[in-house]
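Coordinate analysis (summary)
Okay, here's what each chain looks like letter by letter:
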Amino acid sequence: MLGFLQRPVVVTADVNLNVVALTAVGLLSRLWRLAYPRAVVFDEVYYGQYISFYMKRVFFLDGSGPPFGHMLLALGGYLGGFDGNFLWNRIGAEYSSNVPVWSLRLLPALAGALSVPMAYQILWELRFSHCAAMGAALLMLIENALITQARLMLLESLLIFFNLLAVLSYLKFSNSQKHRPFSPSWWLWLTLTGVACSCAVGIKYMGIFTYLLVLGVAAVHTWHLIGDQALSNVCVLCHVLARAVALLVVPAVTYLLFFYVHLTLLCRSGPHDQIMSSAFQASLEGGLARITQGQPLEVAYGSQVTLKSASGKPVPCWLHSHPSTYPLSYENGRGSSHQQQVTCYPFKDVNNWWIVKDPGRHQLEVSNPPRPVRHGDVVQLVHGMTSRLLNTHDVAAPLNPHAQEVSCYIDYNISMPAQSLWRLDIANRESDAEIWKTILSEVRLVHLNTSAILKLSGAHLPDWGFRQLEVVGEKLSRGYHESAVWTVEEHRYGRSQEQRERELELHSPTHVDVSRNLSFMARFSELQPPSRPRCQAPVNPMETGSAAPWSRCALRRADWSPWGRPPAGAWLPDGLWLLQWRMLTVRSDDSEHKYSSTPLDWVTLDTNIAYWLHPRTSAQIHLLGNVVIWASAGLATALYVLLFCWYLLCRRRRVCELPEDSWLRWVLAGALCAGGWAANYFPFFLMEKTLFLYHYLPALTFQILLLPVVLQHIGEHLCRSQLHRSLFGALVVAWYSAACHVFNMLRPLTYGDKSLSPSDLQALRWKESWDILIRKH
């Protein structure tokens, strides 16, 4: 029974030395002098700030995509012992001694290095030759743009890695399907496909293009599987359910997991809190939580409250009033009620406090026991500092004549009685007897006399309104509109009936003794889509010396107060966008950039980006592609499309020039490689955001995989004689040599480790010289 103990345990393994060698040279090309330059390079100034936030566990929002990529970069900083203390405000700034540059750049570099053997594996799984697979890996190895991007604290190499991992995992799963369905390796590769797709989407929303591509190929394969009469109905059902779970459920759960970790790590108040809801802010340590933790939960008659707009657009603000009145007439000649102004103010202020009053009583303090306010109750809102009632009437609003003016009522002894009764409508109630709750309840205030709803119009009042935001009564408001929803942010039980004592009470801070938690799903739903303040970014950070995403966003409190005026061209941040898919087509920055480009510029390599310039020598780093590889990849893609259409027409005419196995391999390679290029390239024509050359790199990767496929196909099926094959082989070797020569020529701009003389710089400007020569002739 224990005889197996008498024999040695032997483990055998097949090691592909090609993969080992490719991994080694890939690591060498990406990790060599990785910490150089020890300075902030281009978009490192952007991502570095978020790494510091992770190190300090400070909450932030980034509109460029989900948090998984940022967390991977932060993981490098954590492994290197980074404490987050560095001012990320200028491209070219020297890193201080506490910044572990090598560690921060490590994970992108490893992802870029592993993409080299992965390219080999993908073509090998597609059943192409060893030479074609080695050719694809070599092209990945010597592509200058991929090397440059992988050696910096950026996300593109991570995105490319998970794109390739998703494709490779699916191919291994598909090949396992033919021999060992439902085996452990079959489940491993199928599940890994879903996880890799989710990771790609979790790094950048661009990853969804590759995810949809893999889903499309899997759907076609599943459709053919359903038609296989050799499989029983139960077996087919198991196949379909396994694919649905692995490719739909697993990615969704993994995507949620990224946000769960993100929100768990970032538990402290930060600079982006203001664009989140009051409930979200109160769930963070510090900031609003210090104010709201000790507040009463249930709003009662006599409660003193601040009402924050749930919209957050164009800027988070609170219902506000001050002693100034509306002008007797506006610039267009329309008249006003000359009542006290009611606005929305984007800063905390004592004039944001209101008292919830029972219309049937004069009492302005909370009784004992408190009488809670419920859904459907009629209330009056008394402005705390002026003791005037919130009012609206049939007078046109200042900037929206189709809506009603909202004011605090002043009795001028004229025929304009107060209309200050408001019915409370709790939008997110669970029952009709719901109690109005601090932070948690989203309420609408419906005017009892006119049925108008208190709403933030978002327009900025003129100078007489101190450039604050207009609040109106909207009669035609139907359905749920965030601009008509308000939440109680700060809340205390009023204890003073006298005005002077009440003013002192309003100026005093609230106490802290109780914490209030918000569920993960509630916080996650609010993060969809994540957004950051919309700022006017510098045209060229390398010239302005600053590229902090909110460097021009900070406005002083006085810029919005009745005693100060906003500067000319003052910026207002957008709130959260309503739909997540808009993040795939819209970027919050509308400004042009010196190095921005169009998708057409990418294919012809008619653009580059100066990433870094040495402050004392002529050493520099540019994002610049290998022109031989880019041009050849474009030609190979066009040739593949032409050949595919030709073969399709021939097969339609019952002329099969390719064996069935070769045809299926040709189609699958095109679906994944040419389809991957198209899926990651053409959507950019629909995007309105500022685009850069590095956006093309995921698409270029698929083009590089397609290039050896086309070369092998030409050698095997289009070169009829041995002489033609020999000549074509020599041509391919010469072409690879040219690509290696261009790589070596551009190496100083890829690694930035060599000071360039004027003659060296002129030699690298060959394209400009070529264009001048063409124009002359």
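What counts, and where the lines are drawn
Residues numbered from 1 in each chain as written. Predicted model: local features only at pLDDT ≥ 70, side-chain atom pairs only at ≥ 80, totals over all residues. Heavy atoms only, no water. Axes fitted to C-alpha atoms, helices over the stretch in contact; angles between N-to-C directions. Helix = DSSP H or I, 4+ residues; strand = E, 2+ residues; numbered from the N terminus. Parallel < 35°, antiparallel > 145°, perpendicular 65-115°, else oblique. Left-handed = near helix turned anticlockwise from the far one by under 90°. Contact = heavy atoms within 4.5 Å. Patch = residues over 30% accessible without salt bridge, like charges linked within 9 Å, V, L, I, M, F, W, Y side chains within 5 Å. Areas by Shrake-Rupley, 256 points an atom, 1.4 Å probe, with all protein chains shown as cover. Salt bridge = Lys/Arg side-chain N within 4 Å of Asp/Glu carboxyl O. Buried < 20%, exposed > 50% of the residue type's maximum accessible area, 1.4 Å probe, protein only. Nonpolar A, V, L, I, M, F, W, Y, C, P; charged D, E, K, R; others polar. pLDDT = per-residue confidence, 0-100. Phe/Tyr/Trp six-rings, centres within 6.5 Å; stacked < 30°, edge-to-face > 60°. Lys NZ or Arg CZ within 6 Å of the ring centre and 35° of its normal.

**Section: the packing of helix α18 (residues 627-652) against helix α20 (residues 697-718)**
At a closest axis distance of 8 Å, the pairing of α18 and α20 adopts a crossing angle of 60°. With respect to each other, α18 and α20 are oriented oblique. The crossing of α18 and α20 is left-handed. Each of Ile-629, Trp-630, Ser-632, Ala-633, Gly-634, Ala-636, Thr-637, Leu-639, Tyr-640, Leu-643 and Tyr-647 in α18 lies in contact with α20, whose residues at this interface are Leu-697, Leu-700, Gln-703, Ile-704, Leu-706, Leu-707, Val-710, His-713, Ile-714 and Leu-718.

**Topic: a nonpolar patch on the surface**
On the surface, Val-245, Leu-248, Val-249 and Val-253 cluster together into a nonpolar patch covering about 340 Å² of accessible area. Structurally, the position occupied by Leu-248 is in helix α11 (residues 233-265). Note on Leu-248: relative accessible area 48%, which makes it partly exposed.

**Overview of the packing of helix α1 (residues 17-31) against helix α6 (residues 130-142)**
Where α1 contacts α6, the two axes come as close as 10 Å, and the packing angle between them is 10°. Overall, the two elements α1 and α6 adopt an arrangement that is roughly parallel. Taking contact as the criterion, the partners of Asn-18, Leu-22, Val-25, Gly-26, Ser-29 and Arg-30 in α1 are, on α6, His-130, Met-134, Ala-137, Met-140 and Leu-141. Classifying every residue of the contact of α1 with α6 gives 6 nonpolar, 4 polar and 1 charged.

**Examining the confidence of the model for the protein**
Looking at the protein, the pLDDT average stands at 84 and 83% of residues meet or exceed 70. Note on residues 511-516: pLDDT under 50 across the span, and 18 contacts to partners over four residues away in sequence or across chains. Across residues 529-590 the pLDDT falls below 50, and counting only partners more than four positions away or on other chains, this stretch makes 158 contacts in the model.

**With respect to the environment of Ser-726**
Topologically, Ser-726 is positioned in helix α21 (residues 722-751). Judged by relative accessible area, Ser-726 falls into the partly exposed class, the value being 42%. Separated by 11 residues in the primary sequence, Ser-726 and Gly-715 have C-alpha atoms spaced 9.0 Å apart.

**Regarding the packing of aromatic side chains**
Across all of its chains, the model carries 43 aromatic pairs by this definition. Arranged with centres 6.3 Å apart and planes meeting at 5°, the rings of Tyr-120 and Trp-124 form a pair that is stacked. On the criterion of helical spacing, the pair formed by Tyr-120 and Trp-124 is a turn pair, its members being 4 residues apart in helix α5 (residues 106-125). Here Tyr-120 falls in the buried class, since its relative accessible area comes to 2%. You can call Trp-124 partly exposed: its relative accessible area is 39%. One aromatic cluster is present, built from ring pairs that chain together Trp-602, Trp-630, Trp-677, Tyr-681, Phe-682, Phe-684, Phe-685 and Tyr-696. The ring of Tyr-36 has Arg-33 lying over it, and the distance from NZ or CZ to the ring centre is 4.7 Å.

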